[in-house]
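# An overview of the molecular structure
The primary structure of each chain is shown beneath.
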Amino acid sequence: MKFHIEVYGCQMNVYDARRIADLLVESGFEKANDASEADILIFYTCNIRERAVQKLFSNIGILRNDKTKVIAVGGCVSQAEGRSIFEHKHIDISFGAQAYHRLPEHINEVLSGSKKKILDINFDQAQKFGCLPGRTNVSFSEFVTIQEGCDNFCTYCVVPYTRGREYSRPARDIINEVKELLSNGAKEITLIGQNVNSYHGEAPYINIGEPKGTWRLERLIREIAELDGLKRLRYTTSHPKDFTTELMQIHAETPVLAPFAHIPVQSGNDRILKAMNRGHTAQEYLDKLARFREICPNIQFSSDFIVGFPTESEEEFLDTVKLAELVKYTISYSFKYSRRKNTPADKMQGQISEEEKERRLAILQKTLIEGQVYHNNALIGKTQEVLFERRGRKPNQYIGKNVYLQSVIVESSENLIGEFRNVYIEQAGENSVMGKIVK
Ligand code: 5AD
Ligand code: SF4
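None of these values were measured; they are calculated from a predicted model.

### So, unusual backbone geometry
That bond from T236 to T237 is cis: its omega, 5°, falls within 30 degrees of zero. Topologically, T237 is positioned in the loop between β13 (232-236) and α9 (245-253). The backbone phi angle of K117 is positive, close to 50°, even though this residue is not glycine. Considering the arrangement of structural elements, one finds K117 in the loop between α4 (103-112) and β6 (118-120). Taking the relative accessible area as the measure of exposure, K117 reaches 31% and is therefore partly exposed. For F153, which is not a glycine, the phi torsion comes out positive at approximately 50°. Looking at the secondary structure, you find F153 in the loop between β8 (147-148) and α6 (159-162).

The structure is reproduced here in structure tokens:
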């Protein structure tokens, strides 16, 4: 029996899908080359923005074929939709992001005909991690979930309802997983979580002076940075209110830790930040970035932004544009506010029209691209260490990332995928820079 997984959404979904694939292989299923030859089709989908369910249903329509015997859908979309997901008559299994360890069992139940329409949206994160097999099918760059779920309840966000309350994996499990990945060829590790800065996992051993046998993110990063074979370490996503001075110092002292931090601000206006329940003001955010630059002069930032939050006025929106101009982010992700069922912001008066949100997004993106171009141009004449990830469009072209997640393009007759090389940057565009390999 062959399976195929379609993944939509964030890095954590990519991570989950890899672990689901390993789990299915361990349970005797085989990975299909593509959807057309799969007996089991799995759709692992996020629902943080836009019309997730409609997209899911239309993708099932496109990929389902004569060979398909089981259709399973999973992730945040399953958690949010509950039984109503079975309105699509071809869906056999719907499993939440915390229940994927039972997927092989559910697939076998459907295949044997003993069960139909299985909904599994149990929320026990610790149980899931304890049931997963080791990491053997390893790439040069891997994600490792350290923390999942969120207790922040930003008023626009579904994550606390779909991923559940905040859960930190024990430090020992994370370190063992990173060691396993490194010994199987990984060079770059990205520690991921919805809010990694509030990580507080069980300590592998008791440390005098540390509270209640827990480790914070800072301690975990110090430990992982020392592991043999690790070339580059990243973490994401950070919440500004939980970002500590100690973590800024670790950046300054730890060469293997990329001098780059994704610290989403969402809005540059204090009234909107309050309505979003973000827990900080624009000035407090800017002060943190300024302190970070003082402590670690080569640090660069990326951020997420939401435009058109309910009641946001033109002036309040322009505060966001001003903040973006001021910070000059290396990379940014900007979104139109999207109404999510059962979140407080969905019930607010003063929803902004779609056209207005689009107009604001275009204005903000223009400013964000200017910041990006500024940072791309600043690389000209400099040498950057790049980890190559994929081929480019032209023959012999390879694309990789520098420490700041900027895309770097080179030409090479040698296959560079999965390799680090020093690149002298000669040209810069909006979304990437180009250069040549140097010794
Ligand atoms: N509408 C638009 N963007 C959202 N995000 C989260 N929820 C919403 C929503 N309802 C964005 C935030 C967050 C990123 C992962 O997705 O910017 O940081
Ligand atoms: Fe959502 Fe806010 Fe938690 Fe991020 S911090 S996952 S935006 S609730």
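### Regarding the sheet that holds strand β15 (residues 300-307)
With parallel pairing, three strands are arranged side by side in an open sheet as β14-β15-β16. The open sheet terminates on both sides in strands that have one partner only, identified here as β14 (260-262) and β16 (331-336). Looking at each pair of strands side by side, their axes are set apart by 10° on average, direction ignored.

### Section: the nonpolar core
Counting 54 residues, the largest nonpolar core has I189, L191, I224, Y235 and Y329 as the members making the most contacts within it. Here this core takes six residues from helix α7 (residues 171-183), the largest share from any one element. Those residues in contact with L191 that lie beyond four places of it in its chain are V144, I146, V178, V196, I221, I224, L233, R234, Y235 and T236. Counting residues in each nonpolar core, the second largest holds 28 residues, with Y15, I40, L103 and V110 among its members.

### Remarks on the site of ligand 1
I48, R49, Y156, Q266, D304, I306, F335, K336, Y337, S338 and R340 make up every residue found near ligand 1. Here Y156 contributes a backbone N or O atom positioned 3.0 Å from a nitrogen atom of ligand 1. Take S338: an N or O atom from its main chain is 2.9 Å from a nitrogen atom of ligand 1. In isolation ligand 1 exposes 400 Å². Once the protein is present, 87% of that is buried. Among the secondary structure elements, those contributing two or more residues to the shell around ligand 1 are β15 and β16. Per-class residue counts for the shell around ligand 1 are five nonpolar, two polar and four charged.

### Digging into the packing of aromatic side chains
Counting across every chain of the model gives 10 aromatic pairs. Relative to F309, the ring of Y156 lies with its centre 6.4 Å away and its plane at 85°, an arrangement referred to as edge-to-face. Of this pair, Y156 sits in the loop between β8 and α6 while F309 is found in the loop between β15 and α12 (314-327), placing the two residues 153 residues apart along the sequence. With a relative accessible area of 0%, F309 lands in the buried category. When the centroid spacing of 5.5 Å and the interplanar angle of 80° are considered together, the rings of F305 and Y329 count as edge-to-face. Here Y329 lies in the loop between α12 and β16 and F305 lies in strand β15, a separation of 24 residues in the sequence. The exposure class of F305 is buried, given its relative accessible area of 0%. Assessed through its relative accessible area of 1%, Y329 is described here as buried. Linked through ring pairs, Y235, F243, F292 and F301 together constitute an aromatic cluster.

What counts, and at which threshold
Residues numbered from 1 in each chain as written. Chains lettered and ligands numbered in written order. Predicted model: local features only at pLDDT ≥ 70, side-chain atom pairs only at ≥ 80, totals over all residues. Heavy atoms only, no water. Helix = DSSP H or I, 4+ residues; strand = E, 2+ residues; numbered from the N terminus. Buried < 20%, exposed > 50% of the residue type's maximum accessible area, 1.4 Å probe, protein only. Pairing = 2+ DSSP bridges. Axes fitted to C-alpha atoms, helices over the stretch in contact; angles between N-to-C directions. Core = buried A, V, L, I, M, F, W, Y, C linked by side-chain atoms within 4.5 Å. Contact = heavy atoms within 4.5 Å. Near = heavy atom within 4 Å. Polar contact = N/O pair within 3.5 Å; in protein donor to acceptor, adjacent residues only side chain to side chain. Areas by Shrake-Rupley, 256 points an atom, 1.4 Å probe, with all protein chains shown as cover. Nonpolar A, V, L, I, M, F, W, Y, C, P; charged D, E, K, R; others polar. Phe/Tyr/Trp six-rings, centres within 6.5 Å; stacked < 30°, edge-to-face > 60°.

So, to be careful, I would describe these as geometric facts and stop short of saying anything about function.
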